[in-house]
Structures are given as C-alpha cells and as structure tokens.
Amino acid sequence: MREFFKITGVRFTLLSLLLIILFAITVVAIHSKTENKATTISTTTTTTTTTTTTATATATATQRAADPLFQDFVRVCGVHLCIDGKQWEPYFASTYAASHHLEWDITAAVAGHLNTIRINNFLSSDGNPATAPFDEAHWEIVDRLIASARSQGLHVVFDLSAYRNLTTEGGTQNPYIVDWKPFLTFVIHRVNTVTKVRYGDDTTIAMFALAGEVAPPNGTNTEHVTTQQINTFFARTAHEFKALDHNHILSPGGLYQLSWNSGVDYQTIFSTAGIDVCAVHAPYNGGDASITSQFCGRIHKPWIWEEFFQPQGIGDQARAQFYQQTYDAGKQLHDAGIGFWNLGPGLWAENDDVGPQTPLTWQVIIKNAPPLLQLTPGDHS
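What this report covers is the structure whose coordinates are included nearby. (Residues numbered from 1 in each chain as written. Predicted model: local features only at pLDDT ≥ 70, side-chain atom pairs only at ≥ 80, totals over all residues. Heavy atoms only, no water.)

## Here we look at the overall build of the protein chain
Note the threshold: The numbering of helices and of strands both runs from the N terminus, where a helix is a DSSP run of H or I of at least 4 residues and a strand a run of E of at least 2. Relative accessibility under 20% of the residue-type maximum defines a buried residue, over 50% an exposed one, and the middle range a partly exposed one, all with a 1.4 Å probe and only protein chains included. Contact definition: two residues touch when any of their heavy atoms are within 4.5 Å. Here, Shrake-Rupley sampling with a 1.4 Å probe gives the accessible areas, and only protein chains in the shown set may cover a residue.
When helices and strands are tallied, the protein chain shows 10 helices and 11 strands. Here the protein chain holds 381 residues, and 45% of them are scored as buried. Sequence separation of 24 or more characterises 76% of the internal contacts of the protein chain that already satisfy a separation of 6 or more. For the protein chain, the exposed surface amounts to about 18,500 Å²; the carbon and sulfur share of it is 60%.

## Comments concerning unusual backbone geometry
The linkage connecting Trp 341 with the following residue, Asn 342, adopts the cis geometry, with an omega of 15 degrees. On the secondary structure map, Asn 342 appears in the loop between strand E11 (338-340) and helix H10 (359-367). A positive phi angle, close to 50 degrees, is found at Glu 169, a residue other than glycine. The partly exposed category is assigned to Glu 169, whose relative accessible area is 43%.

## Here's the deal with the sheet that holds strand E2 (residues 80-83)
Whether parallel or antiparallel, the strands of a sheet pair through hydrogen bonds between backbone atoms. As a reminder of what qualifies: For two strands to be treated as a pair, DSSP must find no fewer than two bridges joining them. Convention adopted: a line fitted to C-alpha atoms gives each axis, helices being fitted over their contacting stretch, and angles between N-to-C directions are expressed from 0 to 180 degrees.
Pairing in this open sheet of 3 strands is antiparallel, and the strands run E1-E2-E3 from one edge to the other. Edge strands, defined here as strands with exactly one partner in the open sheet, are strand E1 (75-77) and strand E3 (86-88). The mean angle between the axes of side-by-side strands here comes to 60 degrees, regardless of whether they run parallel or antiparallel. Inspection of the sheet shows E1 paired to E2 by 3 bridges, in the antiparallel sense. For Val 76, the partnering residue across the bridge sits in E2 and is Leu 81.

## So, the pairing of strand E9 (residues 278-281)
To be explicit about the condition: Orienting the strands away from the viewer, one traces the path from the first strand over the helix to the second; a clockwise path indicates a right-handed crossover.
Burial along E9 is two-sided: the residues Cys 278 and Val 280 and Ala 279 and His 281 are all buried. Here E9 pairs with strand E10 (residues 303-307) via 4 bridges, running parallel. From the neighbouring strand, Ala 279 faces E10, where its bridge partner is Ile 304. Read from E9 through helix H8 (residues 288-298) to E10, the crossover connection turns out right-handed.

## Looking at the packing of aromatic side chains
Applicable threshold: When the centres of two rings from Phe, Tyr and Trp lie within 6.5 Å, Trp using its six-membered ring, the rings pair. Their planes under 30 degrees apart give stacked, over 60 give edge-to-face, and anything left gives tilted.
Scanning all chains against the criterion turns up 28 aromatic pairs. When the ring of Phe 158 is compared with that of Tyr 199, the centres are 5.9 Å apart and the planes differ by 55 degrees; the resulting orientation is tilted. Remark: Tyr 199 occurs in the loop between helix H5 (181-189) and strand E7 (205-209) and Phe 158 occurs in strand E6 (residues 155-159); sequence separation between them is 41 residues. Accessibility classification places Phe 158 together with Tyr 199 in one group, the buried group.

## Things to note about the state of the cysteines
Applicable threshold: Disulfide: a pair of cysteine sulfur atoms within 2.5 Å of each other.
Enumeration over the complete set of coordinates arrives at 2 disulfides. Each disulfide pairs two cysteine sulfurs, and for Cys 77 the partner residue is Cys 82, the sulfurs being separated by 1.8 Å. With the S-S bond torsion at 45 degrees, the cross-link from Cys 77 to Cys 82 turns out right-handed. Here Cys 77 falls in the partly exposed class, since its relative accessible area comes to 33%. The partner cysteine of Cys 278 in its disulfide is Cys 296, sulfur to sulfur 2.1 Å. For the disulfide bridge between Cys 278 and Cys 296, the dihedral angle about the S-S bond is near -110 degrees, and by the sign convention the bridge is left-handed. With Cys 278 in strand E9 and Cys 296 in helix H8, this pair connects stretches of sequence that are 18 residues apart. Exposure class is identical for Cys 278 and Cys 296. Each is buried. Once the disulfide-bonded cysteines of the protein chain are ranked by sequence position, their pairing pattern turns out to be 1-2, 3-4.

## A few points about the side chain of His 155
For the record, the criterion: Two N or O atoms form a polar contact when they lie within 3.5 Å of each other; inside protein one atom must be a possible hydrogen donor and the other a possible acceptor, and for residues adjacent in sequence the pair counts only when both atoms belong to side chains.
Checked against the element boundaries, His 155 lands in strand E6. What makes His 155 buried here is its relative accessible area of 1%. Among the polar contacts made by the side chain of His 155, one reaches the main-chain carbonyl oxygen of Leu 69 at a distance of 3.5 Å. Leaving out residues up to four positions away in the same chain, His 155 has contacts with Leu 69, Phe 70, Val 74, Ile 83, Trp 88, Asn 115, Thr 116, Ile 117, Thr 203, Thr 204 and Ala 206.

## Concerning the pairing of E6
On any regular strand, side chains alternate: one points to one face of the sheet, the next to the other face. In terms of burial, E6 is largely enclosed, as 5 of its 5 residues are buried. Burial of E6 is two-sided: the residues His 155, Val 157 and Asp 159 facing one way and the residues Val 156 and Phe 158 facing the other way are all buried. Two strands pair when backbone bridges link them, and strand E5 (residues 116-119) and E6 are joined in this way by 4 bridges, in the parallel orientation. Bridge pairing in E6 links Thr 116 to His 155. You can see the chain leave E5, run along helix H3 (residues 136-151) and come back into E6, and the turn it takes is right-handed. Bridge analysis of E6 against E7 gives 4 bridges, and the strand direction is parallel. By the bridge assignment for E7, Phe 158 is matched with Phe 208.

## Structural notes on the packing of helix H9 (residues 316-332) against H10
To keep it simple, the criterion reads: Any angle between 65 and 115 degrees counts as roughly perpendicular, while under 35 counts as roughly parallel, over 145 as roughly antiparallel, and the rest as oblique. Handedness of a crossing follows from how the near helix is turned relative to the far one, being left-handed for an anticlockwise turn of less than a right angle and right-handed for a clockwise one.
In the contact formed by H9 and H10, the axes pass within 7 Å of each other and the chain directions differ by 20 degrees. Taken together, H9 and H10 sit at an angle that is classed as roughly parallel. Note that H9 runs across H10; the crossing there is right-handed. Counting all contacts with H9, which are made through Asp 316, Gln 317, Arg 319, Ala 320, Tyr 323, Gln 324 and Tyr 327, the residues of H10 involved are Pro 359, Leu 360, Thr 361, Val 364, Ile 365 and Lys 367.

Written out as structure tokens, the structure reads:
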C-alpha cells in the first residue's frame, strides 16, 4: 500500500510539472499574440487618424480655393445683393427644429435648389437670460449647421431673434431695453468648432438679422413696450453690431403688421444707419410686402421677403398655389431675396414644413429657384 502511494505520488508530481509547463507556454503565447494585436491596432488607428485628418484638411483647403461663392462677403449693390459685384438672390428657407434633423435639412435644401438656409430659433426661449444665450451645446449645433451649409455650397441668413425672445422671460420683461453688446460680442467673436473660422470672418454667413416680428405696441402689450423703445433698440443694436463686425450686412429681421396703426415704426427702423437690408414677414395677399417694397425702394435699400407660410392642412395643391402666388408677388415687387417657413420633414395638418413629403409644394420650390450664380476663382478681386 505504501509502495502504491509512493508510485502514485511520483506520478502526481510529474503530472503537476507537466501541467505547469503547459500553462507557462500558453501564457507566453497569449501574451505574445495580444501584444502583436495591440501593436497592429495602435499602428492602424494612428495611420487611419493621420490619413483622415490630412485628407479632411486638404479637402477643406481645396474646397475653399475652388468655390468662388465663398471668396467674398455678400454686399449691397443698389437695391440688390451681390457677390463680387454680380447680382445674387438669396433663395432660402427657415430651419426650425434643425437640431432634430440637421443632415436632412441640408440635403433637402440642396435637392430643393435653395442657395441659402436661415438659422433661427436656435436658443431655448425659457432659459436663464444670463446663461442660456451662451450654452455651448446649442452653439455647437449652429456650428454644424454653418459648416454643413458651406460644404454644400449654401449661404446662411443668421437670425438672432431667438435672443430677443429669450430676454422677454416668458412675456414678463421688455426685451427692447436690453443692451445686446455682450451677446453680439460673443456671437461675432465665436470660432466655429467645426471649421475653425470666426463668425465675424465667415463668408458662409450672407447676413445677420436682429429681431423680426416685433409685437405691435398698440396691440396686446403685456411687456409695456413703446414705439420709441423699439426704435432706440434697433439704432443702438445696429450701431453695436457694425462696430464689432465690419464684414457682414445687417437686416432688422422681418417686420410685420405694417398696414395698420400698430406702433411698429417700420420707416424709422428700415431707415436706421447700419440697417442695410429691409425685411418682411407677410402673406402674398396682405399689404405688408407692398409697403416694404415701396418704402425701401424710396430709400434705395434692398428688401427681402424673409418669411411666408401656409400649414399643410389646406391641402398640397392649394398650398402649392399659395407658394406660387407668393413667388410671383415677390418678382412683381422686386424683392432681393425670398424665403419660406419652414424646411422640414414633418407631415400633419397644422405643420408648416415643406419637403419632398409635400410633393406639389416642393415642385413649386424647385421651379422658382433663381439661376445659379456663375463665378470663377478669377472673378475675386
């Protein structure tokens, strides 16, 4: 029995040694394989990242050099807008709720033959006025919109009305006594996190708009705003803007309710020094567009039909007809540009979105697009 245990003990020892040797060999093999794999992944990742970064930088530089549309800022030429001295008509749409479908908006704008998008309502209207206007998450969406627009040959109308709306603090405060200089300073000096271009130097932005749809002082006026306060606001804010930004043209934003004694003194606002372009929000069958056209013609300023709309509930055929009549009216009244509310994928009766999902209205958008501006790199002086 003792001999049996002795033999068994020897066998156990030999077996244990064999298992230890096999285990050691396996560990070394696994370590070697893992190390080689890690090195391969690291090398591949570094190479891919470097290649991608270099390719992106090269593509961006090439694009900027090759696209004459963005070699100069949009200017005022008499009662028209121009790029490099050639008449250019912004043909655009608002991009409300673009944060939910940014790529769709840019793709649809190109498919619809638009040459511009209007960035609007990009701030939370119920945030803290001291912090919400500078919220980085919101501004990074704006950065992406501007960068994506440029990459597809689109300009931008940058509507700052969202800041005015926020400073009303839910309709309890007078927004026209707020000094915009800190906000404007932030906007103009912001550097786009995608393109690395300062907003004040970005030729993608065709123009800025301050604060359209001024609520009539002679209507429901819970904020106790006066006509004089509104006029002073536009004069002060336009002056502050021009002191900060020597490149971009400026509109007050689209005014409305001009055909009655509303208290919106459009003549003073449109005539303000620093306001380069008049703008209106109006249906084709109202008087506001005609009033804007006539007055701004007299003071030798271009005007744009910044916004018109109809909800989907009237039916696509009736809606398409309304859009066509508006475009016709714009031509008859010699607008310098025109835009609709709103480019988007929504589809229900109360919705104002236009896109391929509203095919008859969409065809009107495509049909009325102005000819592409033909520029070559040599045109830039």
